[in-house]
Structure formats: structure tokens, C-alpha cells
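Examination of the molecular architecture
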Amino acid sequence: MYRSLIPFPCLLAMLLAGCPSTPPIAEAERKPIPELTIVGSVNLFSGGTDFFALSEDGSTFVAGNKYSVGLYRASDYAPLERHYECEGETLAISDGGYSCNTDAAIYDLGYIDANTWYFIERILREADIRVHVRTIHPPREISVSTVDEPRSNIIASANRNYVAHNNGLIDWRTGKRYPTKAPVFRPREQIVPTLTPDNRIITYLGRKTMIFDPLNDTMEVWKGATSLDQAILVTPDNRHAIGLSTKNYKCTLWSWPEKKEIGHCSGRLRGIFGKNSEYLEVLALSPNGKSFAVGVDNNVRVYRIEPFQLELETSTPGPVVALALSDGLLATYDYKGFLRVWNIATGSLAGQHSFPGVGWANENKYNLAFQPNSNRLFLKRGGITVFEIPKRPARQKAGSDSGK
């Protein structure tokens, strides 16, 4: 009698839809986890850093808070530009924060490409909001766009062609405006809209996910998608979208712009919006857009997009609040203060660092970013801390690039 080499459940799955390859099982904590080495730490602003982004070539980063914004060299954190710095002493206020004598309030910042960045401000003595677009080499301002909208609203996003705001798109090169049929943001719904690579705006209004296309003067309801604390993500090649489905409240991968469901990337969120409704789901794309990670509560999964398959599933000590992917590595940060880096191909932990005294009452915003072309990881938590990731053997690294 022959012994079957294929378990019956998998055989049944093969008959129905094919048996997927098994992802690596995350390493159990049976042995000491290597400590991630801190190679830099900097507090750029009084009161902490609210906004942070690394350039796509890893040479610079932009950072800011409510009162100040700047461009910095990533190698030594030296300021290349600073705008709206506090004038004189900062003043403590009753809620434990601080106030500053400056001319503007910073709303957002980011990169358009490796040599072009932007920041969004509201002039305190005036009612308008301005979008400044600047180049790094040479250091100069190439455009300023004024957004005429209620100052309680925020700017949605920017891409290589347009800036999205509450009432439409602005071509930041020419200043030409393309209005939307309705406002895309409402102050009580703190969802930051997505500006897609094909210049459409995905947002969540009144329990409906809306797609605005200002260039073609159209709008539609996306019945299959919904949002929690963030909008739908669209991959840089404009071929896939990731977010929450209205059918079963599971993380879902769709083809885009067809909006055809491909598969699910998490279980149904427990309760109404997960066990810890304040933190909900966290999503991250790899820089090349070929893989993504999703965190819900203490569970984290990494998926390859084509073919759609699970590559790694692991857990974190506390509910995950920040994720990053790059070159076969996953970084997680959770609300118990644990920073961990995983090797996706093997499921092993490359390193960990824990921050004492971090708990549920901590309201700081967190960002994780792998520095391109290096073995360093940036964590924004109040200030900015930079870690060195242990180098992997060449053979292991070559086989572990989840974005290939």
C-alpha cells in the first residue's frame, strides 16, 4: 500500500483552486533576539516631530511639526533648509503641549521625486492655505499654489503631476485647477484621501467610498470598498488597490482601476472595527510596489501581489502601529514599544529594540522607513532614531527579496 505524500486538505484544495506554497513560520522566541544598534538619534523640533518622509534615493529626508518644517541630509541629519522656525522661547500650554511664535501652521509634507519636495502651510494671519514645491539641487522654490478652502480642512496628497486638496486638483507646475463635483474631505471624518498615480482621488464620505476624477469631471461610489483610519492604497504601477472590503470587513486586494477582487489579506476584523478600535489596521507597500504588509491588532502578514500569496505571518507583543517593507525585510513597531525587523524569506528575527515606558496613553504618531541603498532603519517617535540592521549573508539576501 502506498502512503499519500499530500495531506487530504491540501489535495482537496488542489482540486478546487490549487495548493499554495507554505510561507515561512515566524521564528519562535526560544533564543535571544539580536539587539538593533542605534547609530543616530536627533530631536529636530521642540515638542517633537509630526511629519517625516525619506527621499526615494535615501540621501535626504523632510520633517516638520505644527510650527516648523525642514529638509535634512540623511547621512548626518544636518539641516539643508529650515522654514518657519520658532521665534524666541516656546510656551507651555495647559494640555501639556507647547505654543510657538511663528507665522504659519504646517499641515503636511513629502516628496514628489528624489529632487523635489513640498510642504503645505496655513498662514496664520490670513485665511488661505499654500502648497510650496521646492527643488533640492538647486535649492529653490519652483511653485506656490494657494488653496481656497476652509482652513479646518486638510490637503489630501501630492504626486508627480498634481496636488490634491478639498476641492480638486492643482497642476503645481502651471497653477491650473481641476475642481471636483463635491468636497473630498469633511472635518469630522478624519480620513486622508488617496491621490492615485492616474490622478484620481479615493476618499470616504458619509459611509461611502468615493472615487473622484477631476480631470474627466466624474465621480462614482465604490460599493466594494470602505475605509477605517486611512484611505485605500494604490500601488505605484496603478495596477492594484489594497483596503477594507464592505462585504466582510477583511483586508482585500483588488485589481485597479477595474476594482475586481483578487483575494483577502486578513481575517474579518473582530467586533465592529477590531479588538483595539483606536488603532485599526495598518498597511505598508514595498518601495517597488510588488509586496505589501497588513497589521491588525497583534497580527502582521506580508503578501506578494503577483502571484497573490502569503509570504510571512507573525505576531507582535502589542498592537502594531507602524510597518515598513524593503529588500526582503519587514519592520514592525507596536504600542508596547517593541521595534522588530524580520527576514521575510526565512521568518527569522534580524533584530529588536524596546523602548521603556511606552503604553496605551502615548499619543505620538509613528513612522518607520528603511533607508534606500543602506542597511539603516528610521523610526519617528517624538524625535528620530536611526538603527543599523545586521547584514545578511549574500546568499540569504539574494533569495529573500520579497519585491523581486
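Please refer to the structure placed before this passage.
Fair warning: this is a prediction, and the values are worked out from it, not measured in the lab.

**Focus on the overall build of the chain**
- Looking only at helices and strands, one finds two helices and 35 strands in the chain.
- When each of the 404 residues of the chain is scored for burial, the buried share is 51%.
- In the chain, 43% of the contacts between residues at least 6 apart in sequence involve partners at least 24 apart.
- Carbon together with sulfur atoms contributes 51% to the accessible area of the chain, which is approximately 19,700 Å² in total.

**Some details on the sheet that holds strand S19 (residues 218-222)**
- Reading across the sheet, the four strands line up as S16-S17-S18-S19 and stay open at both edges, with antiparallel pairing between neighbours. One side of each edge strand has no neighbouring strand; the edge strands of this open sheet are strand S16 (194-195) and S19.
- Pairing analysis gives five bridges linking strand S18 (residues 208-213) to S19, with the strands arranged antiparallel. Looking at the pairing, Thr209 lines up with Trp222 of S19.

**Re the pairing of strand S35 (residues 383-388)**
- S35 sits mainly inside the fold: five of its six residues count as buried.
- Here strand S1 (residues 37-42) runs beside S35; their pairing, made up of five bridges, is antiparallel. The residue bridging Thr37 from the neighbouring strand is Glu388, located in S35.
- Judged from the six bridges that link them, strand S34 (residues 376-381) and S35 form a sheet pairing that is antiparallel. Along S35, the bridge assignment pairs Lys380 with Ile384.

**Considerations on the sheet that holds strand S31 (residues 338-343)**
- If you trace the four strands from one edge of the open sheet to the other, you get S29-S30-S31-S32, paired in antiparallel fashion. Every interior strand has two partners, whereas the edge strands, strand S29 (320-326) and strand S32 (348-354), have only one. Between one strand axis and the next, the sheet turns by 15 degrees as a mean value, whatever way the strands run.
- Summarising the sheet, S31 and S32 pair through six bridges and their orientation is antiparallel. Bridged to Val341 within S32 is Gly351.

**Focus on the nonpolar core**
- Residues Tyr333, Val341, Leu368 and Leu377 are the most contacted members of the largest nonpolar core, which totals 19 residues.
- Those residues within four positions of Leu377 in sequence are excluded, and the remaining contacts are Ala331, Leu339, Val341, Leu368, Ala369, Phe370, Thr385, Val386, Phe387 and Ile389.

**Overview of unusual backbone geometry**
- In this structure, Pro138 follows His137 across a cis peptide bond, with omega equal to -5 degrees.
- For Pro138, the location among the structural elements is in the loop between strand S10 (129-135) and strand S11 (140-147).
- You will see that Lys259, though not glycine, has its phi angle at about 65 degrees, which is positive.
- Note that Lys259 resides in the loop between strand S23 (251-255) and strand S24 (260-264).
- The phi dihedral of Asn373 is positive, around 60 degrees, even though this residue is not glycine.

**Notes on the pairing of strand S30 (residues 329-334)**
- Here S30 lies mainly inside the structure; six of its six residues are buried.
- Neither face of S30 is open: one carries Leu329, Ala331 and Tyr333, the other Leu330, Thr332 and Asp334, and all of them are buried.
- In this structure, S29 lies alongside S30, joined through six bridges in antiparallel fashion. Counterpart to Leu325 in the pairing with S30 is Leu330.
- Counted along the chain from S29 to the antiparallel partner S30, the turn is two residues long, and its residue Asp327 has a positive phi close to 50 degrees.
- In terms of strand pairing, S30 meets S31 through five bridges, oriented antiparallel.

Calculation notes
Residues numbered from 1 in each chain as written. Predicted model: local features only at pLDDT ≥ 70, side-chain atom pairs only at ≥ 80, totals over all residues. Heavy atoms only, no water. Helix = DSSP H or I, 4+ residues; strand = E, 2+ residues; numbered from the N terminus. Buried < 20%, exposed > 50% of the residue type's maximum accessible area, 1.4 Å probe, protein only. Contact = heavy atoms within 4.5 Å. Areas by Shrake-Rupley, 256 points an atom, 1.4 Å probe, with all protein chains shown as cover. Pairing = 2+ DSSP bridges. Axes fitted to C-alpha atoms, helices over the stretch in contact; angles between N-to-C directions. Core = buried A, V, L, I, M, F, W, Y, C linked by side-chain atoms within 4.5 Å.

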